[in-house]
Amino acid sequence: MIAEKYKLLQNKIKACCENCGRNVEEINIIAVSKTQPVEIIKEAISSGIEIFGENKAQELKEKVLLIDDDVKWHFIGHLQKNKVKFVVGNADLIHSVDTLKLAQVIERKAEELNIMQKILLEIKTSDEESKHGLEDFDEIIEIAEYCRNSENLDLQGLMTMAPFVEDEQVIRQCFKNLKEMQTKINSRGFELKELSMGMTNDYEIAIEEGATMIRIGTAVFGERDYSSSWNDK
Ligand SMILES: *Cc1c(COP(=O)(O)O)cnc(C)c1O
């Protein structure tokens, strides 16, 4: 079942890339496996999925322990400083760094483990109050410079979430804002390559606007069951 859904998704991504003149190789699918049990993730692995996204620190840590296949894990949720220890080293990439303080706590843990932790900065691109993320350009540059001088933080790009609205123009504008932010940061001498944007409902718009990573849950796994046992962790 996952294999069919995944194939369908890949075909849609391919068609979308052809329509907007992008190379499909540039698009990385992060299969968002939050709430999904181990058996389902194993099925996804058999279907050829190689990168999984989790949004809860302990759930990520437990799944990494339970699943020893050669796959990558990304952390995509809001990260609290006291949970950094569960994520650094387990997540190949942390998408959601939204303060300098958080970057510093991640750095300390990465230094302890003697690893280079890849991260993205989460940017707030909509007016929606509920969304996390950085807005202030000087603050963003400050964190980017901090990462450049760090031996344990590898800043690779930016992430955003569009609001859940019907209006496609509102969503598209968020993705344009992220791309614009990347250009603006890179004009200061940085080389941020990754743009993590787009979910099941809006990934085609995100691809048109330059996404290099799309975070897809429902289109791969079907509707989520929030009563699953991971929920209270
Ligand atoms: C759950 C989640 C997704 C995936 O959502 P779908 O609509 O199921 O594709 C993507 N990004 C983040 C940050 C999420 O929490």
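Up top is the structure these notes are about.
Note on numbering: residues in each chain are counted from 1, in written sequence order. Only residues with pLDDT of at least 70 are given local features in this predicted model, and only at 80 or more are side-chain atom pairs given and counted; all residues enter the totals for whole chains, interfaces and linings. Here the side-chain values reflect all heavy atoms present in the structure, with hydrogen atoms and water set aside.

### Let's talk about helix 5 (residues 100-113)
- Helix and strand definitions here come from DSSP, where helices need a minimum of 4 consecutive H or I residues and strands a minimum of 2 consecutive E residues; each element is numbered from the N-terminal end. Multiplying 1.5 Å by the residue count of a helix minus one yields the expected span of that helix. If you check helix 5, its first and last C-alpha atoms are 20 Å apart, about what 14 residues at 1.5 Å a residue would give, namely 20 Å.
- We call a residue buried when its accessible area falls under 20% of the maximum for its residue type, exposed when it is over 50%, and partly exposed in between, using a 1.4 Å probe and counting protein chains only. All of the buried residues in helix 5 are Leu100, Leu102, Ala103, Val105, Ile106, Glu107, Lys109 and Ala110.
- Contacts: residue pairs with any heavy atoms within 4.5 Å of one another. At its buried positions, helix 5 is contacted by helix 4 (84-87), strand 4 (93-97), strand 5 (117-122), helix 6 (137-148) and strand 6 (153-159).
- Looking one or two residues past helix 5, asparagine 114 carries a phi angle of roughly 55°, positive in sign.

### Focus: the site of the ligand
- Note on definitions. A residue lies near a molecule or strand when any single heavy atom of the residue is within 4 Å of it. Surrounding the ligand, one finds Val32, Lys34, Ile76, Met161, Met199, Thr200, Arg215, Ile216, Gly217, Thr218 and Arg224.
- Counting of polar contacts relies on pairs of N or O atoms within 3.5 Å, with two restrictions inside protein: one atom must be capable of donating a hydrogen and the other of accepting it, and residues adjacent in sequence are counted only when both atoms are side-chain atoms. Between the ligand and lysine 34 there is a distance of 2.7 Å, counted from an oxygen atom to a side-chain nitrogen or oxygen.
- Within the side chain of arginine 215, an N or O atom sits 2.9 Å from a nitrogen atom of the ligand.
- Note on areas: Shrake-Rupley with a 1.4 Å probe; residue coverage comes only from the protein chains shown. Across the complex, the protein chains shield 92% of the 390 Å² of accessible surface that the ligand would expose by itself.
- Both site types are read off a 1 Å grid over the protein atoms alone. A 1.4 Å probe that fits but cannot get out defines a cavity, while an open set with protein on both sides within 12 Å along at least five of seven lines defines a pocket; lining residues have an atom within 4 Å of a point. Assignment of a molecule to a cavity or pocket requires that more than half of its atoms lie within 2 Å of the corresponding grid points. Here the ligand occupies the largest pocket.
- Gly is put with the polar residues, along with every residue not named as nonpolar or charged; the nonpolar set is Ala, Val, Leu, Ile, Met, Phe, Trp, Tyr, Cys and Pro, and the charged set is Asp, Glu, Lys and Arg. A breakdown of the residues in the shell around the ligand according to their chemical character gives 5 nonpolar, 3 polar and 3 charged.

### Points about a negative patch on the surface
- A surface patch of negative charge is lined by Asp127, Glu129, Glu135, Asp136, Asp138, Glu139, Glu142 and Glu145.
- Within the secondary structure layout, glutamate 139 lies in helix 6.
- Assessed through its relative accessible area of 31%, glutamate 139 is described here as partly exposed. A patch consists of residues exposed above 30% relative accessible area that lack any salt bridge, with like charges linked at up to 9 Å and nonpolar side chains (Val, Leu, Ile, Met, Phe, Trp, Tyr) linked at up to 5 Å. Salt bridge criterion: a side-chain nitrogen from Lys or Arg within 4 Å of a carboxyl oxygen from Asp or Glu. When charges are counted, Lys and Arg contribute as positive and Asp and Glu as negative, whereas His and the chain ends are disregarded. By convention, the point assigned to a charge is CZ for Arg, NZ for Lys, CD for Glu and CG for Asp.

### Concerning the pairing of strand 8 (residues 213-216)
- Alternating positions in strand 8 separate into two faces, Met213 and Arg215 on one and Ile214 and Ile216 on the other, with burial throughout.
- Strands qualify as paired when DSSP identifies two bridges or more between them. Here strand 1 (residues 28-32) runs beside strand 8; their pairing, made up of 4 bridges, is parallel. By the bridge assignment, isoleucine 30 is partnered in strand 8 with arginine 215.

### A word on the packing of aromatic side chains
- When the centres of two rings from Phe, Tyr and Trp lie within 6.5 Å, Trp using its six-membered ring, the rings pair. Their planes under 30 degrees apart give stacked, over 60 give edge-to-face, and anything left gives tilted. If you walk through the whole model with that rule in mind, you get 1 aromatic pair.
- With a centroid separation of 5.5 Å and an interplanar angle of 35°, the aromatic rings of phenylalanine 52 and tryptophan 73 are classed as tilted. You can see phenylalanine 52 sitting in strand 2 (residues 51-54) and its partner tryptophan 73 sitting in strand 3 (residues 72-75), a full 21 residues away along the chain.
- Exposure remark for tryptophan 73: the relative accessible area of 4% places this residue in the buried category.
- The positively charged end of lysine 85 is found above the aromatic ring belonging to phenylalanine 86, 4.9 Å away from the centroid.
- Put simply, a charge is over a ring when the Lys NZ or the Arg CZ is close to the ring centre, within 6 Å, and near the line of the ring normal, within 35 degrees. One cation-aromatic arrangement involves arginine 148 over phenylalanine 190; the distance from NZ or CZ to the ring centre is 4.0 Å.

### Here we look at the pairing of strand 1
- With 4 of 5 residues buried, strand 1 lies mostly within the body of the structure.
- Pairing of strand 1 with strand 2 involves 2 bridges; the strand directions are parallel. Bridged to alanine 31 within strand 2 is phenylalanine 52.
- For the handedness criterion, the strands are oriented away from the viewer, and a crossover whose path from the first strand over the helix to the second runs clockwise is classed as right-handed. You can see the chain leave strand 1, run along helix 2 (residues 38-46) and come back into strand 2, and the turn it takes is right-handed.

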